[in-house]
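Notes for the structure review
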Amino acid sequence: FLMRQTGFMVFVLLLAPTDAAAQDSLAVLRQAVFDHPKDGGAWVRLGYAYLAVDSLTQAEDAFQKAEGHVKSSRVYNGLGLVLSKKDRRFARKAFRMFRKALQIDPMSLETQMSIARTHVFCRESATLGSAWGNLYSIWRARLSIQVSIC
């Protein structure tokens, strides 16, 4: 996937885990949350691992458990992704979760990308342009911060 904006090229590589690798990752992460049930970060990672294999019920459960242990935009982004993958009828609830994520981290590229993807999935072309615009603005702001640090 290639996106070109005002002379900059951004490459996004989408990787699908193999079944064996996904199962190995899930086993390690399940053990991590078993050993450390109050580690919100481990629950978040487990939620994203379940999302990668489309185990939406387990992903939702992991993100809900993470919510009780960590205040992270990734928790609400994950819950939004679960809702958006379930069915278009859940899009409104998904966008609510994405807004919660942005309240925690307004500069979250991950959440802005999830919002744009959900607009595409729901075929909401009227608001898709603003979603991509928001994503690009945040990306540019982060790029200028990184350039000034160097």
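As the structure is a prediction and not an experimental result, all values here were calculated from the model.

Reading the values: rules and limits
- Residues numbered from 1 in each chain as written.
- Predicted model: local features only at pLDDT ≥ 70, side-chain atom pairs only at ≥ 80, totals over all residues.
- Heavy atoms only, no water.
- Helix = DSSP H or I, 4+ residues; strand = E, 2+ residues; numbered from the N terminus.
- Expected span 1.5 Å × (residues − 1).
- Buried < 20%, exposed > 50% of the residue type's maximum accessible area, 1.4 Å probe, protein only.
- Arc of directions from axis to C-beta.
- Contact = heavy atoms within 4.5 Å.
- Phe/Tyr/Trp six-rings, centres within 6.5 Å; stacked < 30°, edge-to-face > 60°.
- Salt bridge = Lys/Arg side-chain N within 4 Å of Asp/Glu carboxyl O.
- pLDDT = per-residue confidence, 0-100.
- Core = buried A, V, L, I, M, F, W, Y, C linked by side-chain atoms within 4.5 Å.

Considering helix α5 (residues 91–104)
Here α5 is 14 residues long and its end C-alpha atoms lie 20 Å apart, about the 20 Å a rise of 1.5 Å per residue gives. Every buried residue of α5 is accounted for by Ala91, Ala94, Phe95, Met97, Phe98, Ala101 and Leu102. What you see down the axis of α5 is that its buried residues fit within an arc of 155 degrees, all on one side. Exposed positions of α5 whose direction lies more than 90 degrees from the buried face are Arg92 and Gln103. On the buried face of α5, the contacting elements are α4 (73–86) and α6 (109–121).

Some points on the packing of aromatic side chains
Summed over the entire model, instances satisfying the criterion amount to two aromatic pairs. Taking the centre distance of 5.0 Å and the plane angle of 80 degrees together, the rings of tyrosine 48 and phenylalanine 63 count as edge-to-face. In this pair, tyrosine 48 sits in helix α2 (residues 40–52) while phenylalanine 63 sits in helix α3 (residues 56–67), placing the two residues 15 residues apart along the sequence. Accessibility classification places tyrosine 48 together with phenylalanine 63 in one group, the buried group. Taking 6.2 Å as the distance between ring centres and 70 degrees as the angle between the ring planes, the aromatic pair formed by phenylalanine 95 and phenylalanine 98 counts as edge-to-face. Linking phenylalanine 95 with phenylalanine 98, this pair stays in helix α5, spanning three residues, or about one helical turn.

Examining the pattern of salt bridges
Inspection of the entire model under this criterion finds four salt bridges. Taking the shortest distance from any N to any O, the salt bridge between lysine 85 and aspartate 54 comes out at 2.9 Å. Taken together, the residues lysine 85 in helix α4 and aspartate 54 in the loop between α2 and α3 connect sequence positions 31 residues apart. Note on lysine 85: relative accessible area 40%, which makes it partly exposed. Among the salt bridges present, the one from glutamate 110 reaches arginine 74, with a minimum N-O distance of 3.0 Å. Of this pair, glutamate 110 sits in helix α6 while arginine 74 is found in helix α4, placing the two residues 36 residues apart along the sequence. The partly exposed category is assigned to glutamate 110, whose relative accessible area is 29%. Among the residues examined, arginine 74 registers a relative accessible area of 32% and is labelled partly exposed.

A short note on the confidence of the model for the chain
Predicted confidence across the chain gives a mean pLDDT of 78, with 69% of residues reaching 70 or more. Confidence, read as mean pLDDT per element, is least for strand β1 (residues 2–5) in the chain (38) and greatest for α3 (96). Between residues 1–15, whose pLDDT stays under 50, and residues either more than four places distant or in other chains, the model counts 19 contacts.

Some thoughts on the nonpolar core
Leu46, Leu51 and Phe63 are the most contacted members of the largest nonpolar core, which totals 30 residues. Counting residues per element, the ones that place at least two in this core are α1 (19–35), α2, α3, α4 and α5. For this core, the element with the highest residue contribution is α2, accounting for eight residues. Sequence-distant contacts of leucine 46, that is, excluding residues within four places in its chain, are made with Leu26, Leu29, Arg30, Val33 and Ala62.

A word on unusual backbone geometry
For aspartate 54, which is not glycine, the phi dihedral falls at a positive 60 degrees. Of the residues examined, aspartate 54 reaches a relative accessible area of 52% and is grouped as exposed.

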